[in-house]
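# Notes for the structure review
Now for the letters of each chain:
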Amino acid sequence: KGRILSGVQPTGNLHLGNYLGAIRNFARLQNDYECLYCVVDQHAITVWQEPAQLAAQTREIASAFLAAGVDGTKQIIFNQSMVPEHAQLAWIFNCVARMGWMSRMTQFKEKAGKDRENVSLGLFAYPALMAADILIYKATHVPVGEDQKQHLELTRDIAIKFNNDFAQPDFFPITEPLIFGAATRVMSLRDGTKKMSKSDPSDYSRINLTDDADAIAQKIRRAKTDPLPMPDTLEDAEKRPDADNLLGIYAALADQEKDAVVAQFAGKQFSEFKTALTELAVAKLGPIGAEMQRLMKDPGHVDGVLRNGAQRARAIAAPILDEVYRTVGFLKP
Ligand code: TYM
């Protein structure tokens with residue numbers, strides 16, 4: 001059985017892309033792997049977070065894992081800062097990774113924009129901490145959305161360089177990304193060429209997991225489309241980003257292949273398709289949103305899940321960090 005680790009940042013506005021690209025798959029993989037699902041609060045503070053909100057957002061993500069069906073008693077749900085071994089290994093990886101590798105990360109380039117002088121040092125080092133999240137458990141598989149692929153390639157590069165530098169060929173595993181489903185890259189509802197994102201200023205660009213049925217309906221009604229009828233073929237759809245995105249979302253929510261969905265709605269009006277999509281989205285997301293709301297009213301329970309998860313995570317991480325320290329040449333306390 002392989003071991004999975006994946007993480008989600010508690011930066012608010014958890015959305016449909018996070019769900020279809022990652023969180024839904026967390027639950028689907030849990031019978032075939034030993035799983036660790038982490039709320040990465042230390043990654044979140046690479047950009048400013050209000051402390052009181054950070055705590056609430058951390059519970060929101062944990063609630064989403066549970067509401068999506070991850071079993072917190074069988075699998076490990078925890079937050080990153082409760083397991084100090086992540087940051088300890090990240091320091092070593094800061095010394096393994098090269099400036100040049102980090103400079104090529106597209107997520108850094110997008111987030112930093114032109115104002116390189118004023119972004120945090122943590123934002124630059126972000127992918128080394130992510131590699132530590134994964135490798136502190138020697139995880140073999142990482143379920144993520146498409147946008148994390150480059151970070152996972154860097155994780156492999158770090159593992160390979162560490163293994164070579166310290167002449168320990170199989171010390172860290174070469175991690176495999178698990179990117180699957182009909183919606184591995186969900187786009188904005190306002191612009192089919194832009195990724196759906198937590199930080200988009202327009203709330204109409206995304207469906208939040210905590211949106212109620214009315215909000216979901218309104219956002220789908222307002223979603224951008226083109227003036228033509230629905231695409232006839234997959235090739236046609238792929239040339240029309242807004243239509244393609246909505247078809248992908250439908251396919252993922254319905255657990256169908258996208259070409260089957262294209263065939264079902266070929267040549268119809270968007271209004272008809274949007275009615276069907278709304279019904280489907282409300283049916284699939286409504287119960288998850290409601291369960292999240294219920295759990296967020298019970299922070300004691302959620303905190304208990306996180307504390308218990310962190311204890312079990314540390315039991316795996318601590319001996320691996322010990323081995324790393326010995327390998328690097330650090331003296332034992
Ligand atoms: P984050 O918090 O931005 O996103 C969480 C997960 O959601 C996926 N995702 C999407 N999938 C499809 N369409 C979208 N529009 C979309 N937006 C986000 C992401 O790919 C991710 O799987 N760096 C990570 C967090 C992280 C991590 C890790 C992940 C930290 N350590 C270790 C895996 C393993 C991030 O910022 O995800």
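## What to know about the site of the ligand
The local shell around the ligand holds 27 residues, among which Tyr126, Asp133, Asp147, Val186 and Lys198 are the closest. Taking aspartate 133, its side chain carries an N or O atom lying 2.7 Å from a nitrogen atom of the ligand. For the ligand, an oxygen atom lies 2.6 Å from a polar atom in the side chain of lysine 198. Relative to its unbound accessible surface of 710 Å², the ligand loses 96% to contact with the protein. Contributing elements (two or more residues each) for the shell around the ligand: strand 1 (3-8), helix 1 (16-29) and helix 7 (121-135).

## Re the domain arrangement of the protein
Annotation of the protein at the domain level lists domain 1 (3-178 + 299-328) and domain 2 (203-293). Inter-centroid distance (C-alpha atoms) of domain 1 to domain 2 is 30 Å. The interface is formed by 12 residues belonging to domain 1 together with 13 residues belonging to domain 2. A combined buried area of about 1200 Å² lies between domain 1 and domain 2, and 69% of that area is made up of carbon and sulfur atoms. Of all residues in domain 1, Leu16, Tyr19 and Ala67 give up the largest surface area on contact with domain 2, accounting jointly for 40% of the area buried on that side.

## Digging into the environment of leucine 321
Position of leucine 321 relative to the elements: it lies in helix 14 (residues 299-328). The exposure class of leucine 321 is buried, given its relative accessible area of 6%. If near-sequence neighbours (up to four positions away) are discounted, leucine 321 is found in contact with Glu85, Gln88, Leu89 and Ile136.

## Some thoughts on the packing of helix 11 (residues 241-254) against helix 13 (residues 270-296)
At a minimum axis separation of 10 Å, helix 11 and helix 13 run at an interaxial angle of 40 degrees. When the interaxial angle is binned, helix 11 and helix 13 end up oblique. Classified by chirality, the crossing of helix 13 by helix 11 is left-handed. Listed contacts from helix 13 to Ala243, Leu246, Leu247, Ile249, Tyr250, Leu253 and Ala254 of helix 11 are Phe270, Phe273, Lys274, Ala276, Leu277, Leu280, Ala281, Lys284 and Leu285. Its residues assigned to classes, the contact of helix 11 with helix 13 shows 14 nonpolar, no polar and two charged.

Conventions adopted
Residues numbered from 1 in each chain as written. Predicted model: local features only at pLDDT ≥ 70, side-chain atom pairs only at ≥ 80, totals over all residues. Heavy atoms only, no water. Near = heavy atom within 4 Å. Polar contact = N/O pair within 3.5 Å; in protein donor to acceptor, adjacent residues only side chain to side chain. Areas by Shrake-Rupley, 256 points an atom, 1.4 Å probe, with all protein chains shown as cover. Helix = DSSP H or I, 4+ residues; strand = E, 2+ residues; numbered from the N terminus. Domains from an automatic or database assignment. Contact = heavy atoms within 4.5 Å. Buried area = accessible area lost by both parts, 1.4 Å probe. Buried < 20%, exposed > 50% of the residue type's maximum accessible area, 1.4 Å probe, protein only. Axes fitted to C-alpha atoms, helices over the stretch in contact; angles between N-to-C directions. Parallel < 35°, antiparallel > 145°, perpendicular 65-115°, else oblique. Left-handed = near helix turned anticlockwise from the far one by under 90°. Nonpolar A, V, L, I, M, F, W, Y, C, P; charged D, E, K, R; others polar.

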